[in-house]
Structures are given as C-alpha cells and as structure tokens.
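Breakdown of the fold
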Amino acid sequence: ISATPSSPTSVPAKAAPRGKEPTILAGAFDPKFKDAAPEGALVVGFEIGLGKFGNRDMIRSVRPIFRAGDKESFGETHGTTKPTVTLKAKDGYAVGAVTAVHGMMFDGMSVTFMKVVDGKLDPQDSYESEWVGGMGGGGPTKLGGDVLPVIGLTGKTRPDSLTGLGLLLPADK
C-alpha cells in the first residue's frame, strides 16, 4: 500500500468544533484512548499503518512521535496494521494541524507542520505533508491549525484498528 498522491485540496476543510473535550473524528461508539506527550515534548509526527476496508485504502493504526529538545520518543500504537508510512516534521517544526476525511472510520489524512517559536506554533511558517490513506468518507475536516502546539493524541479503536482520531492541545489536558 502506498500513500495516495492526491489530496482534497480542491475542497476547503471545515474546522472541527472546539469544546471541553477534544474533537475525535469518526469512531462512533468505539473505546477512547488518550496518548499524551512526555512533559515538555510536542507531537512532531506519526507512524501510520495502512490497510484496506473492502477495496478502499484506510488508516488502520497511528503511533505518535514526540520530540523534546533533540530527544525523540514514541507513544503507543493504536490499531494494528502494516505496512506503515512515517510523516515527521523537519527540525524546528511540529504538528500544527491534521486535515482528514472520515465516515464511520478514519479514512485518510495529511499533516500541517508549523515552525515552533517560543513554545508556540507559527501558522505563517508551515508546510503540508503528503496525503496518506484513502479519500472516502465525508469532506475534509481540519483539526488544530492555530498557535497551540499539539501535545498528544486522542481517538477511538477497535481491537484491530484505529477508527477515530483527534488532537490533544494544551487547553484539552
């Protein structure tokens, strides 16, 4: 399975609503997880497991990559599949947003990496990853995207698959 080269850039992504609990895209009634970065670390990427649902490409697992200073570490793997694709920020950048398509499950996504300046993100200095996973589900939804750094993941899983994904921001602790 390879990353899908096209992305839903022709359709503007709607912003996910913010509330007391972080927004999780997809997953319905599956069990929730939270995977917070170690103290002082930010999420700088993801190891993403790809699989199929029928004949559709899907994201079936995610594992966050954290960075504090020059030390990197991994969170837990949520879901189970191989092969994997790694999307990781270049030095000095971190995950600022995820643009995703989803229906009942989590289909595909791209990541916006933003420059880290004094512990905050600079949306004016950013770049987009390649698209991974499928293009099924509804129109694209964007999580994050402002100056708040991503400090972990939340989501939903079944025993064998990631079914929903969200971002933990400092206000969501």
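Cut-offs used in this document
- Residues numbered from 1 in each chain as written.
- Predicted model: local features only at pLDDT ≥ 70, side-chain atom pairs only at ≥ 80, totals over all residues.
- Heavy atoms only, no water.
- Helix = DSSP H or I, 4+ residues; strand = E, 2+ residues; numbered from the N terminus.
- Buried < 20%, exposed > 50% of the residue type's maximum accessible area, 1.4 Å probe, protein only.
- Areas by Shrake-Rupley, 256 points an atom, 1.4 Å probe, with all protein chains shown as cover.
- Pairing = 2+ DSSP bridges.
- Phe/Tyr/Trp six-rings, centres within 6.5 Å; stacked < 30°, edge-to-face > 60°.
- Salt bridge = Lys/Arg side-chain N within 4 Å of Asp/Glu carboxyl O.

**Focus: the overall build of the chain**
- From N to C terminus, the chain includes zero helices and 15 strands.
- Across the 173 residues of the chain, 51% fall into the buried class.
- Total accessible area on the chain stands at roughly 8,400 Å², and carbon and sulfur atoms take up 53% of it.

**Let's talk about the pairing of strand β4 (residues 42-53)**
- Where burial is concerned, most of β4 is hidden: 10 out of the 12 residues are buried.
- Of the strand pairs in this sheet, β4 and strand β5 (residues 56-68) are connected by 11 bridges, and their pairing is antiparallel. Bridge pairing in β5 links K52 to D57.
- The loop that links β4 with its antiparallel partner β5 comprises two residues; one of these, G54, has a positive phi angle of about 65°.
- As paired elements, β4 and strand β8 (residues 84-88) share five bridges and run antiparallel to each other. For G49, the partnering residue across the bridge sits in β8 and is T84.

**Things to note about the packing of aromatic side chains**
- Scanning the model with the defined rule gives two aromatic pairs in all.
- Consider the rings of Y93 and Y127, whose centres lie 5.5 Å apart with planes at 70°: the pair is edge-to-face. Pair noted here: Y93 is in strand β9 (residues 93-102) and Y127 is in strand β11 (residues 120-128), with a separation of 34 residues, a long-range link.
- Note on Y93: relative accessible area 10%, which makes it buried.
- Consider the rings of F113 and Y127, whose centres lie 5.2 Å apart with planes at 35°: the pair is tilted. Taken together, the residues F113 in strand β10 (residues 106-117) and Y127 in strand β11 connect sequence positions 14 residues apart.
- On the basis of relative accessibility, which here comes to 2%, the residue F113 falls in the buried class.

**Overview of the pattern of salt bridges**
- According to the stated counting rule, one finds six salt bridges in the structure shown.
- A salt bridge links D107 to R56, with the nearest nitrogen and oxygen atoms 2.2 Å apart. Of the two residues, D107 is situated in strand β10 and R56 in strand β5; the sequence distance between them amounts to 51 residues.
- E72 serves as the salt-bridge partner of R67, at 2.9 Å between the closest nitrogen and oxygen.
- On the basis of relative accessibility, which here comes to 11%, the residue R67 falls in the buried class.

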